[in-house]
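# Report on the structure
The residues making up each chain are set out below.
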Amino acid sequence: MSHLTFTHRLALLLGVLVLSPVVWAGAPQAYITNLNDNTVSVIDTASNTVTATVPVGNFPNGVAVTPDGAHVYVANVVDGTVSVIDTASNAATATVDVGCSHSVWR
């Protein structure tokens, strides 16, 4: 698979998930992007409280959760990166450069 094809598929997947917050069945948590301060809020859906705020890349816009609920992937539009959040610690553990960014922001 070419780098461009991979990037487009990843962008499409994350783009589809932009339209709604993600709640995964393994625990009552939702991960919501905060565009203005480059963070993701972790919300306990049982109590409707913010339990953590995770710093991520520039202009986060879209999340995806792995099927096992162990990781959350966050698309950072301006950086052209994806932040990986470990749900056990609610900390960003990696940043993946996907080689594209929104040219309007540069």
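In every chain, residue numbers begin from 1 and rise along the written sequence. It should be noted that, the model being predicted, local features are given only for residues of pLDDT at least 70 and side-chain atom pairs only at 80 or more, the latter also being counted only at that level, while totals for whole chains, interfaces and linings use all residues. Side-chain metrics rest on all non-hydrogen atoms present in the structure, leaving aside hydrogens and water.

## As for the nonpolar core
By convention a nonpolar core is built from buried Ala, Val, Leu, Ile, Met, Phe, Trp, Tyr and Cys residues, the set being connected through side-chain atoms within 4.5 Å. We call a residue buried when its accessible area falls under 20% of the maximum for its residue type, exposed when it is over 50%, and partly exposed in between, using a 1.4 Å probe and counting protein chains only. Grouped together as the largest cluster of nonpolar side chains are 10 residues: Tyr 31, Val 40, Val 42, Ala 52, Val 54, Val 56, Val 63, Val 72, Val 74 and Ile 85. Each helix is a run of H or I in the DSSP string that is no shorter than four residues. Each strand is a run of E no shorter than two, and both are numbered from the N terminus. For this core, the elements supplying multiple residues, two or more each, are strand E3 (39-44), strand E4 (49-55) and strand E6 (71-76). Residues within four places of Val 56 in sequence aside, it is in contact with Asn 38, Thr 39, Val 40, Val 74, Asn 76, Ser 83 and Ile 85. Throughout, a contact is declared for two residues whenever any of their heavy atoms are within 4.5 Å.

## What about the pairing of E3?
Two strands pair if DSSP finds at least two bridges between them. Here strand E2 (residues 29-34) pairs with E3 via 6 bridges, running antiparallel. Looking at E3, one finds that Gln 29 is bridged to Asp 44. The hairpin formed by E2 and E3 contains 4 residues between the paired strands, and Asn 38 there has a positive phi angle of roughly 55°. The hairpin turn running from E3 into E4, its antiparallel successor, is 4 residues long, and Asn 48 in that turn takes a positive phi close to 55°.

## A look at the environment of Ser 47
Mapping Ser 47 onto the fold places it in the loop between E3 and E4. Within 3.5 Å is the distance limit for a polar contact, defined as a pair of N or O atoms, with the added protein rule that one can donate a hydrogen and the other accept it, and that residues adjacent in sequence qualify only through two side-chain atoms. Within the structure, the side chain of Ser 47 is placed 2.8 Å from the side chain of Thr 49, a separation counted as a polar contact.

## Brief notes about the side chain of Thr 81
Examined against the element boundaries, Thr 81 turns out to sit in strand E7 (residues 81-86). With residues near it in sequence (within four places) discarded, Thr 81 still touches Val 74, Ala 75, Asn 76, Thr 95, Val 96, Asp 97 and Val 98.

## Looking at the sheet that holds strand E5 (residues 60-65)
One open sheet holds the 4 strands; their spatial order is E5-E6-E7-E8, and the pairing between them is antiparallel. The open sheet has two edge strands, E5 and strand E8 (91-97), and neither has a second partner. Averaged over all pairs of adjacent strands, the angle between strand axes in this sheet comes to 25°, irrespective of strand direction. Note that E7 and E8 share 6 bridges and pair antiparallel. Pairing of Val 84 across the sheet is with Ala 94, part of E8. Fitting a line to C-alpha atoms yields each axis, with helices limited to the stretch in contact; the angle taken between N-to-C directions then spans 0 to 180 degrees.

## Structural notes on the environment of Ala 52
Secondary-structure assignment places Ala 52 in strand E4. Residue classification places Ala 52 among the buried positions, given a relative accessible area of 16%. Considering only alpha carbons, one finds Ala 52 and Val 42, 10 residues apart in sequence, at a separation of 5.1 Å.

## Thoughts on the side chain of Thr 87
Mapping Thr 87 onto the fold places it in the loop between E7 and E8. A polar contact of 2.6 Å, which involves the side chain of Thr 87, links it to the backbone oxygen of Gly 69.

## Quick look at the environment of Ala 88
Within the secondary structure, Ala 88 is located in the loop between E7 and E8. Of the residues examined, Ala 88 reaches a relative accessible area of 75% and is grouped as exposed. The spatial distance from the C-alpha of Ala 88 to the C-alpha of Ala 70 is 6.9 Å, given a sequence separation of 18 residues.

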